[in-house]
Each structure stands twice: as C-alpha cells, then as structure tokens.
Amino acid sequence: MLLALVSVLYGVAQLVVVSPRMGIGWDEAIYASQYAAHAPPAPFSAPRAREVPLLVAPVVAVTDSVFALRLFLTAVSSLALFGAFLVWVRVRAERSVPLAALLFGGCWLSLFYGNEAMPNLYVALGGVAVTGLVVLAVRSRSVAGITIGRSGHAVIGPAEPVTRSWGVPAGLAGSLAVVSLMRPSDALFLSLPLACAALVVLGRRALVPLAAIVVGLAVGWGQWLVEAELSYGGIAARLREASKANVTGLTVSLVEHARALDGPSLCRFGVKCGDVSPVALAWALAIPAMTVLGLWLARRAHRLGPVLLATITGVTIALPYLFYVGYVAPRFLMPAYALLSLPVAGAVTALRPRGRWWVPVIVLLAVGVLAHLTLQGTYAHRIAAHTLRDRARMGLAVEELRRLGVRPPCVIYGQAGAQMGYLLGCDALAIAQRFPDRLPAGIRQAMERGNRLVMVHTSVPLPPYARAWRQTDLPGRWKARFAPCTRAPTMA
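Below: a short report on this structure.

Conventions and cut-offs
- Residues numbered from 1 in each chain as written.
- Predicted model: local features only at pLDDT ≥ 70, side-chain atom pairs only at ≥ 80, totals over all residues.
- Heavy atoms only, no water.
- Core = buried A, V, L, I, M, F, W, Y, C linked by side-chain atoms within 4.5 Å.
- Buried < 20%, exposed > 50% of the residue type's maximum accessible area, 1.4 Å probe, protein only.
- Helix = DSSP H or I, 4+ residues; strand = E, 2+ residues; numbered from the N terminus.
- Contact = heavy atoms within 4.5 Å.
- Disulfide = S-S within 2.5 Å.
- Salt bridge = Lys/Arg side-chain N within 4 Å of Asp/Glu carboxyl O.
- Pairing = 2+ DSSP bridges.
- Axes fitted to C-alpha atoms, helices over the stretch in contact; angles between N-to-C directions.

Counting 112 residues, the largest nonpolar core has Leu81, Phe85, Phe104, Leu176, Trp283, Tyr337 and Tyr422 as the members making the most contacts within it. Sort the elements by how many residues they give to this core and helix H7 (residues 120–139) lands first, with 14 residues. Apart from residues lying up to four places away in sequence, Leu176 is in contact with Val130, Ala187, Leu190, Ser191, Ile213, Gly216 and Leu217.

Right under this line is the structure:
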C-alpha cells in the first residue's frame, strides 16, 4: 500500500534528516519530567495540557535516554501519519491520499517535530483523522430521501437503508479526545466547522456525530478544567494565566508568519523571525493556489464535499494563530498544512491534460512535488543541524556539572534550566530572557530544604543577588554560579 510506504519513508527521513541524537528541548523537558523516574516534575504552566506527558510516559518512566525517546517518537509519529490518512482512504479511495501524506510528511515542520515530544504534529494528524471521520459519519446516514454518496455530495432519491455502526462515532470521539488532551483550544476550533457541517447536512439526525464531538471535547477540556480548580486557583485564574503566557489579543501576524516560513522554530524571547525568503514565500503562496484548484477540480468531479470540509477546517484552526496569539511559532500552523494537503494532493492527481499539453503538465507537477520535498527537506536539515549543535553544547555543560558532583537534591535555575534539570535529575526553573531582580520563592524554599542551587546562563545579565556567587566556566560558553548556602561541589 502506498500510504504504508509513505509512512515508512517518513520515519526513515526523520532518522536521516533530523538526527535521533538531538538533545532535549525546553518544552520537551517540561513534558517529559512530569512522569520521569529519574527527575522531579518541572513547573507546568497554565496553557499546557497533559497528553504529551502521557504519550512519553512509557519511555521516560523506565529510562532517561533521550535517544530512546527519539526512536520511540519516530515510530509513534510514523504510525500516526499512517492512521490519520488511512481514514481518508475510506473517504476517497484514490492515490491523492498517499500523496497528501507525502506532502505533509515532507514539510520541515513534520520532519523536525516528528521525534520531538511536542503536541502540534499530533493535533495536525488528529485533525486529519477527525475531519475524515466526520465525513464518514455523515455519509453513513440518510435523511428524508437525501443520501450522502461516496463523493460527499447529496444525491436526491429514495433513502437507502443505513447500517448503524458505532465504529465511526467511537473513532471520532477517541480521535478528538486525543486532540483535546493535546491542545484543548485547537480541538475547539477544529470542532466548530465539523459540527456545523454535520448540522447543515443532517439536521436533526446529526445527534450521533455531534455527541461524539462533544464527548471528545469533554475529555480534554474536562481534564484541563478540573486541573485548573485543583492546581491553578480556579478556572478563571488559569485562563488568565494562559492568556498572559500566550500574549493573546487582537493582532495580525501574517508578516511574522511569512518571515518564519523557513525558520526559526520560535519567534519570541528575543529571537527575531528574520527576513521573508522569496523562495519560502512562493512555496506558501502555492498552497492556497493549489487548494483553490483542488476544490474546483473536485467540484467538476462531483466530489467537493470532503475536500471543502477539510479546507474550511484547516483555515479555521489557523485563524487564532494568525489574528489572536501575539507571537509566532511555525508549528502552530501544522494542522492547517495537514488538512490543506488533501485538496492540494487532489489537484495534483486530478489534473488530466489532453493532447500536446499532457507531457508538460505532468512534468511540471512532478517537478513541483520534488521541489517541495527538496526545499522542505533542506530547511529541516538546516534547522535540525543548528538545533543539534546548540543542544550538544548544552549537553557538554551538563556533563561538566555532573563531573563537578551536581547530584540530587539540587536545583538548576536559569537559561536551559528545564533541560539541564531534567538531564541531571534536579528540580528546575528556567528563565527566558532575564533573571528576576529577586530570588523566586520556590528557589528560596528549595535552598532552605538543603538543595544545592546552581545558576546556569550564557549571555543573560546576572541579578544582584548572584554576583558574589562562585562562578565556574562550562563548555559551550555556559557559566555556572553556585549559591554560597549550598555545599560546594567537589572535583571528581
């Protein structure tokens, strides 16, 4: 099966283009530490959700090996790619589905985040699966002489007998539950157009798919809201904290997203998006153009329904990140790329030129697909190489701290504090741009309990309370300062 081959190639590409020896990232360390056997849980900020910690729990509960975690996530992401687009094989049993999986899997974001413990890839693949399952749920029901055919169009005629099956609604609820546990807000925006489509097509008979959508949302949102009451001072307080952390409010970040098309992975905390790359911009503009072409060709073939729903859902889930979230990370748009890959692939496979134009058009389409894979693979390799180098330097600093005798009970405080704390098995508090003027209460309490405090930094200015602490130079331009009230490290 072509889709299985694409999924295998996706896993292989992650191992080749993005090394499984990549060190652990800031967000990853926070997620992994929640159920790690070797390290205490890092502070879990208000916007975060619990699905990624659950996803990596089987690995981090038994080993602290980041390499093992990378291999595990490579396998999981490859299977997830296969499963998500397999739903669409039932919707549209044609070669456009494996091509859509190839187009999305070949994006630098999909390659880079395939073996990372981050939620966005799984939200994207979950969105593909959920949208396809809604199409199947709607298709399986007939309404007063209007039957939803395999093309997704309403066919007027005698109502066909419907075989009631709970497999599709159960799959819909389960897939949406995964998305809502990953990112509850994304699940909400994903569900809006799907619920509306079910209501428009089925009317009163939309009860079953709507119930499945509600159940899926309730799982993630229920957990998030219960945790808000138990750990964040209430729902309103957590929502305020989450809004503050995400810098939410009416904004327009189209230009910033255009600047980040070829990286970096985050435009925040002093990291600039850079200039707009003409090549990357041409790639991005080709997506809406090919989407429109795909919709037009699907309408001509009387297959508009499914791809139109995928397009509307992809655009809807992208809107908050373009006009509401006040900073840019390219991974936020991964669900949109995944869903729009379906009409784009449909455009490529549905074009059947005749006469003398046949060969040039086929060659142009093949070159376009190859150019997409080459360009995005190049971006993935460049960004991965830069990240690998930075995290390797951090790893050398961790090894030096370990050699100096930093062992639990300890606290790592500063830049890369989350990663270093996770690797050393210490409590951790990371800072983004600057140290606070006063020592945080949590750090002070840990010191009072007898924990060794190590401050780590590169270029961030030191706060007044740490300037007299003993400094040690670490590899990779890192520096460590040891609080005087802790036991001095011994040389091994």
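Okay, the state of the cysteines next. Counted by the stated rule, this structure contains 2 disulfides. The disulfide that involves Cys267 links it to Cys273, with 2.3 Å between the sulfurs. On the S-S bond that ties Cys267 to Cys273, the torsion sits near 140°, and the link is right-handed. Note on accessibility: Cys267 and Cys273 belong to one class, buried. Here Cys410 engages in a disulfide with Cys426; their sulfurs sit 1.9 Å apart. Because the sign of the S-S torsion sets the handedness, a value of about -80° for the bond joining Cys410 and Cys426 places this disulfide among the left-handed ones. Of the two residues, Cys410 sits in strand S4 (residues 410–414) while Cys426 sits in the loop between helix H17 (417–424) and strand S5 (427–430), which places them 16 residues apart along the sequence. By relative accessible area, which is 2% here, Cys410 ends up buried. What makes Cys426 buried here is its relative accessible area of 2%.

On to the pattern of salt bridges, then. What the rule picks out here adds up to 13 salt bridges. Salt-bridge contacts for Glu227 lead to Arg50; the nearest nitrogen and oxygen are separated by 2.6 Å. One end of the pair, Glu227, is in helix H10 (residues 207–231); the other, Arg50, is in the loop between helix H2 (26–33) and helix H3 (51–60), and 177 residues separate them in sequence. For the pair Glu227 and Arg50, one class covers both residues: buried. Between Arg434 and Asp437 there is a salt bridge; the shortest N-O distance is 3.1 Å. Judged by relative accessible area, which is 55%, Asp437 ranks as exposed.

It is worth spelling out the sheet that holds strand S8 (residues 479–482) at this point. Ordered in space as S5-S4-S6-S8-S7, the 5 strands form an open sheet in which the pairing is mixed. Single-partner strands in this sheet number two, and they are S5 and strand S7 (470–473). In this sheet, neighbouring strand axes are inclined to one another by 20° on average, regardless of whether the strands run parallel or antiparallel. Bridge count between S4 and strand S6 (residues 452–457): 5 bridges; the pairing is parallel.

In this section: the environment of Phe323. Checked against the element boundaries, Phe323 lands in helix H14 (residues 304–323). Separated by 71 residues in sequence, Phe323 and Val252 place their C-alpha atoms 4.7 Å apart. If near-sequence neighbours (up to four positions away) are discounted, Phe323 is found in contact with Gly249, Leu250, Thr251, Val252 and Leu254.

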